[in-house]
Amino acid sequence: MSDATPTVKNNFESAIAVALGLAEEAAKRDEVPVGAIVLDSNGQIIGRGANDREQTRNPLRHAEMIAIEEAAGSMKSWRLTGCTLVVTLEPCLMCLAAAQQARIGHVVFAAKDPKGGALSLGHHFHEDTRLNHRFTVEYLETPACGEVLSRFFKQKRLNKVTNES
């Protein structure tokens, strides 16, 4: 699925901005605002995803999973060798494992998740030599990605208090 989006190879700030736009769209649908894109080796977007668990009632519909699935369709292969997954929030265990299974070459994330992020929880299996595929992970701190999450959950808490009154 190549599109008119400019090439973002080696310019992960631009890629994060695209993923952030997807996260903001998810928030409008009352989904946890996480967005992800997959870039091919030329920096073209071949997969996009935003959290969709509430709408689909499917616990697997994380932004990363959707983007990886779309990228595999675009590539006509489950092997996404040489591709980069860019996500607004640190991947959970399931999503980091999906990147490993898809043979993603590089993961870039923009906000840490101390309660649910695989790396924050000490699961560094992307570099585990016992596994058949390893890949690099890069944290590129982007405050706007954390801010969209903070606003979303603040609004959720406010709505809860208002509804309980």
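Structural data are supplied above this passage.
Residues numbered from 1 in each chain as written. Predicted model: local features only at pLDDT ≥ 70, side-chain atom pairs only at ≥ 80, totals over all residues. Heavy atoms only, no water.

## Notes on the overall build of the protein chain
When helices and strands are tallied, the protein chain shows five helices and five strands. Scanning the protein chain from its N terminus toward the C terminus, one meets helices and strands in the order α-β-β-α-α-β-α-β-β-α. The C-alpha radius of gyration of the protein chain comes to 16 Å, within 12% of the 15 Å expected for a compact globule of 165 residues. Projected onto the principal axes, the alpha-carbon positions of the protein chain cover approximately 55 × 40 × 30 Å. Across the protein chain, contacts joining residues at least 24 apart in sequence account for 60% of those joining residues at least 6 apart. Approximately 8,700 Å² of the protein chain is accessible, and the part contributed by carbon and sulfur atoms is 52%. In the protein chain, which carries 19 positive and 20 negative side-chain charges, the distance between the mean positions of the two groups comes to 3 Å. (Helix = DSSP H or I, 4+ residues; strand = E, 2+ residues; numbered from the N terminus. Rg over C-alpha atoms; globule rule 2.2 N^0.38 Å. Contact = heavy atoms within 4.5 Å. Areas by Shrake-Rupley, 256 points an atom, 1.4 Å probe, with all protein chains shown as cover. Lys, Arg positive; Asp, Glu negative; His and termini not counted. Charge placed at Lys NZ, Arg CZ, Asp CG, Glu CD.)

## Things to note about the pattern of salt bridges
What the rule picks out here adds up to four salt bridges. The partner of D30 in a salt bridge is K156, with the nearest N and O atoms 2.8 Å apart. Taken together, the positions of D30 in the loop between α1 (12-28) and β1 (35-39) and K156 in helix α5 (residues 143-164) put the pair 126 residues apart, joining distant regions of the chain. By relative accessible area, which is 41% here, D30 ends up partly exposed. On the basis of relative accessible area, K156 is assigned to the partly exposed category, the value being 35%. (Salt bridge = Lys/Arg side-chain N within 4 Å of Asp/Glu carboxyl O. Buried < 20%, exposed > 50% of the residue type's maximum accessible area, 1.4 Å probe, protein only.)

## Here's the deal with helix α4 (residues 93-101)
All of the buried residues in α4 are C95, L96, A98, A99 and Q100. Looking at the buried residues of α4, the elements they touch are α3 (63-75), β3 (84-87), β4 (106-109) and β5 (136-139). Following α4 by one or two positions, R103 has its phi on the positive side, about 65°.

## Let's talk about the nonpolar core
Of all hydrophobic cores here, the largest spans 41 residues; its most connected members are V38, L85, V86 and I104. The set of elements that each furnish at least two residues to this core consists of α1, β1, β2 (45-50), α3, β3, α4, β4 and α5. Looking at which element gives the most residues to this core, the answer is α1, with six residues. Every residue in contact with L85, bar those within four places of it in the chain, is listed here: A36, I37, V38, E64, I68, A99, I104, H106, V107 and V108. (Core = buried A, V, L, I, M, F, W, Y, C linked by side-chain atoms within 4.5 Å.)

## Quick look at the side chain of N51
Along the polypeptide, N51 turns up in the loop between β2 and α2 (53-56). Of the polar contacts made by the side chain of N51, one reaches the backbone oxygen of V32; its length is 3.2 Å. When neighbours within four sequence positions are excluded, N51 is seen to be in contact with A26, R29, E31, V32, V34, R61, H62 and A63. (Polar contact = N/O pair within 3.5 Å; in protein donor to acceptor, adjacent residues only side chain to side chain.)

## Overview of the sheet that holds β1
If you walk across this open sheet you meet the five strands as β2-β1-β3-β4-β5, and the pairing is mixed. Each having just a single partner strand, β2 and β5 make up the two edges of the open sheet. Neighbour-to-neighbour, the strand axes of the sheet open up by a mean angle of 15°, direction not taken into account. Pairing of β1 with β2, which is carried by five bridges, proceeds in the antiparallel orientation. Pairing of L39 across the sheet is with I45, part of β2. (Pairing = 2+ DSSP bridges. Axes fitted to C-alpha atoms, helices over the stretch in contact; angles between N-to-C directions.)

## Some points on unusual backbone geometry
Phi is positive for D30, which is not a glycine, with a value near 65°. Look at K76: it is not a glycine, yet its phi comes out positive at around 55°. For K76, the position within the fold is in the loop between α3 and β3. Under the relative-accessibility criterion, K76 is labelled exposed at 74%.

## Brief notes about the packing of α1 against α5
Geometry of a packed helix pair, given as the angle between the helix axes and the separation of the axes. Axis separation between α1 and α5 bottoms out at 10 Å; the angle between their running directions is 5°. Here α5 runs roughly parallel to α1, going by the angle between their axes. Taking contact as the criterion, the partners of I16, L20, E24 and A27 in α1 are, on α5, A144, C145, V148 and F152. Broken down by class, the residue content of the contact of α1 with α5 amounts to seven nonpolar, no polar and one charged. (Parallel < 35°, antiparallel > 145°, perpendicular 65-115°, else oblique. Nonpolar A, V, L, I, M, F, W, Y, C, P; charged D, E, K, R; others polar.)

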